[in-house]
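Observations on chain architecture
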Amino acid sequence: MERIFREESGRILATLIRLLGSFDLAEEFLQEAFTAALEVWPQQGMPANPRAWLVSTAQHKAVDALRRRATFDAKREELQKIADLQQQLADADEHMRRHHMTSGDPTDNSPQGADPFGDDRLRLIFTCCHPALATEAQVALTLRTLCGLTTDEIARGFLVPLPTMAQRLVRAKQKIRDANIPYQIPPERDLPIRIDAVLLVVYLVFNEGYSATSGDTAIRQELCAEAIRLGRILHQLLPRQTEVRALLALMLLHDSRRAARTNDNGEPVLLEDQSRERWNQEQIREGLALIESALQAGPPGPYALQASIAAVHSRAPRPEETDWRQIVALYDLLLQMQRSPVIELNRAAAVAMAEGPATGLRLLDALETSADLREYYLLPAARADLLRRQERWPEAAESYRRALALATNAAAQKFLSRRLSEMESKAP
């Protein structure tokens, strides 16, 4: 049940939002459907298509609830809504029955495979990324509804207080309802002006999967897979958009390292310590072909530059053969386009590898005053690693303590605790 909720709740919620026309109703009856599953499945067994069962159950519960409310209030609009929902329910049940008979695999999630509900997740992204909403609200609402991140997780990702993020989400939902923003993929002529926000959302979904901000695991594989799937669909929709191509390349190149990024205990493994034989060569080949094609098509954008950095790592057969000076040069170009403290932190780490830890530490010193990085555990973690390389054990231990206090992911905490113990054992 936990796996199904983790992997399918975003997809189910997207479908319910389309059917019910309300974020709040969809969330309410999604929870009721899972509650019903907890009662029914242990007795009757899991259905052949759990996602379809949950959608159907949520719809039936919504019809019953809306009928009771409409009977009490005697509202004509509510009664019409019930009639429309009942027709949609019948159509969805018939579609699911036919799909089950013809597909042979009712749980097919491939980009090319038939989806009995249509691609509601892509519709939801474009709805959440409507230009009537502020960019921060677009991204936050998509992460909350499509990816199932908690409001607290999103607030930490945006480095804002929890009440601020909660208010932002409430206002975004109200805006969609009051402005009657359509739940649809926009016409082809409007796609280019909407794509920047959509790409940002897909990228942040992947980032949350690639380096989870909370939970017990360092990687949320289902989010990485979902972001890549959406990236492929966007590439099919907009094959001439080079940044779409570049983002897909970036995600594939990063995801190619997944099997090597954690050890048997689930702790993160640093890039230089990863077994490159475990990198997914098929994903690397596809990613390299995509980024080379994107670079040939025109001047690089931010995603193309990031994918180019990932490509340098992917081409190096051994860690010591990585062209760190090229990586630094690419970060310099990226900062000209997209000034960000996190990018500056990544550049400082690359400089440390190219020129030595002392130079990297001087760059990290300049970032200590950044308000955006005050709660970002990777800043003290990066400092700790460079101090460790210089064998400055007490200072490294102190930085690991700071990083450990800020980290909210259990796997990262285990890694930092182990490093801290190592430094404490070497300190005089």
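Note that the structure is a prediction, hence the values are computed from the model and not measured.

Our next topic: the overall build of the chain. The helix and strand inventory of the chain stands at 19 helices and 0 strands. In the chain, which comprises 428 residues, the proportion classed as buried is 48%. A separation threshold of at least 6 residues defines the contact pool for the chain, and within that pool the share at least 24 residues apart is 62%. By element, 49% of the accessible surface of the chain is carried by carbon and sulfur atoms, the whole surface being about 20900 Å².

Positionally, Gln306 belongs in helix H13 (residues 302–315). Here Gln306 falls in the buried class, since its relative accessible area comes to 15%.

Ranked by internal contacts, the top residues of the largest apolar core, which has 88 residues, are Val202 and Leu234. Per-element tally for this core: the top contributor is helix H9 (residues 191–210), with 11 residues. In this view, Val202 contacts Ile125, Ala227, Leu230, Gly231, Leu234, Leu247 and Met251; residues no more than four positions away in its chain are not counted. Counting 22 residues, the second-largest nonpolar core is a separate cluster that includes Leu364, Leu379, Leu387 and Ala396.

Attention now moves to the packing of helix H5 (residues 120–128) against helix H6 (residues 135–145). Running from N to C, H5 and H6 cross one another at 150°; their axes reach a closest spacing of 8 Å. Of the possible angle classes, the one that applies to H5 and H6 is roughly antiparallel. In the crossing of H5 with H6, the sense of the turn from one axis to the other is right-handed. Taken together, the residues of H6 that come into contact with H5 (itself represented by Leu124, Ile125 and Cys128) are Gln138, Leu141, Thr142 and Thr145. Split into classes, the residues belonging to the contact of H5 with H6 amount to 4 nonpolar, 3 polar and no charged.

What follows covers helix H2 (residues 23–44). Compared with the 32 Å implied by 1.5 Å per residue over 22 residues, the 30 Å span of H2 between its first and last C-alpha is a close match. Bending of H2 peaks at approximately 30° at the position of Leu38, with proline Pro42 no more than four residues after it. Taken together, the buried positions of H2 are Phe23, Leu25, Ala26, Phe29, Leu30, Ala33, Phe34, Ala36, Ala37 and Trp41.

What follows deals with the packing of helix H14 (residues 324–337) against helix H15 (residues 341–355). Running from N to C, H14 and H15 cross one another at 155°; their axes reach a closest spacing of 9 Å. With respect to H15, the axis of H14 lies roughly antiparallel. Read as a crossing pair, H14 and H15 show a hand that is left-handed. Side by side, H14 and H15 meet where Trp324, Arg325, Ile327, Val328, Tyr331, Asp332, Leu334 and Leu335 of the first sit next to Ile343, Glu344, Asn346, Arg347, Ala350, Val351, Met353, Ala354 and Glu355 of the second.

Attention shifts here to unusual backbone geometry. Positive phi outside glycine occurs at Glu391, with the angle close to 60°. With respect to the helices and strands, the residue Glu391 is situated in the loop between helix H17 (378–389) and helix H18 (393–406). Since its relative accessible area comes to 55%, Glu391 is described here as exposed.

What follows concerns the packing of aromatic side chains. The description of two aromatic rings rests on the distance between their centres and on the angle between their planes. Applying the stated criterion across every chain, the model contains 4 aromatic pairs. Between the aromatic rings of Phe5 and Phe34, the centroid separation amounts to 4.9 Å while the plane-to-plane angle is 75°, which identifies the pairing as edge-to-face. Linking Phe5 in helix H1 (residues 2–20) with Phe34 in helix H2, this pair joins segments that are 29 residues apart in sequence. For the pair Trp41 and Trp53, a centre-to-centre distance of 5.3 Å together with 65° between the ring planes defines the contact as edge-to-face. With Trp41 in helix H2 and Trp53 in helix H3 (residues 50–73), this residue pair connects regions lying 12 residues apart in the sequence. The class for Trp53 is partly exposed, based on a relative accessible area of 23%. Here the guanidinium or amino end of Arg257 rests over the ring plane of Trp279, the centre of that ring lying 5.7 Å away. When the ring centre of Tyr210 is taken as origin, the NZ or CZ atom of Arg261, which lies over that ring, is 3.6 Å away.

Time to look at H13. Taking 1.5 Å per residue as the helical rise, H13 with its 14 residues ought to reach 20 Å, and the 20 Å between its terminal C-alpha atoms agrees with that figure. Among the 14 residues in H13, 12 count as buried, and that is most of the element. Looking at the buried positions of H13, the neighbouring elements they touch are H9, helix H11 (242–255), helix H12 (281–297) and H14.

On to the pattern of salt bridges. Evaluated as defined, the whole model comprises 25 salt bridges. Among the salt bridges present, the one from Arg318 reaches Glu321, with a minimum N-O distance of 2.7 Å. Connected via shared salt-bridge partners are Glu267, Arg418, Arg419 and Glu422.

The subject of this paragraph is the environment of Leu237. Here Leu237 lies in helix H10 (residues 221–237). Here the alpha-carbon distance between Leu237 and Glu188, two residues 49 residues apart in the chain, equals 8.5 Å.

Chain-level pLDDT for the chain is 84 on average; 87% of the residues reach the 70-or-more range. Overall, residues 99–118 carries pLDDT values under 50, and its contacts beyond four positions in sequence, including any with other chains, amount to 38 contacts.

Once that is clear, we can look at the side chain of Thr145. With respect to the helices, strands and loops of the structure, Thr145 is situated in helix H6. Within the structure, Thr145 has its side chain in polar contact with the backbone oxygen of Leu141 (distance 2.8 Å). Those residues in contact with Thr145, other than ones at most four positions away along the chain, are Gly10, Leu13, Ile17, Phe23, Glu27, Leu124 and Cys128.

Basis of the calculations
Residues numbered from 1 in each chain as written. Predicted model: local features only at pLDDT ≥ 70, side-chain atom pairs only at ≥ 80, totals over all residues. Heavy atoms only, no water. Helix = DSSP H or I, 4+ residues; strand = E, 2+ residues; numbered from the N terminus. Buried < 20%, exposed > 50% of the residue type's maximum accessible area, 1.4 Å probe, protein only. Contact = heavy atoms within 4.5 Å. Areas by Shrake-Rupley, 256 points an atom, 1.4 Å probe, with all protein chains shown as cover. Core = buried A, V, L, I, M, F, W, Y, C linked by side-chain atoms within 4.5 Å. Axes fitted to C-alpha atoms, helices over the stretch in contact; angles between N-to-C directions. Parallel < 35°, antiparallel > 145°, perpendicular 65-115°, else oblique. Left-handed = near helix turned anticlockwise from the far one by under 90°. Nonpolar A, V, L, I, M, F, W, Y, C, P; charged D, E, K, R; others polar. Expected span 1.5 Å × (residues − 1). Bend = angle between axes of the 7 residues up to and from the residue. Phe/Tyr/Trp six-rings, centres within 6.5 Å; stacked < 30°, edge-to-face > 60°. Lys NZ or Arg CZ within 6 Å of the ring centre and 35° of its normal. Salt bridge = Lys/Arg side-chain N within 4 Å of Asp/Glu carboxyl O. pLDDT = per-residue confidence, 0-100. Polar contact = N/O pair within 3.5 Å; in protein donor to acceptor, adjacent residues only side chain to side chain.

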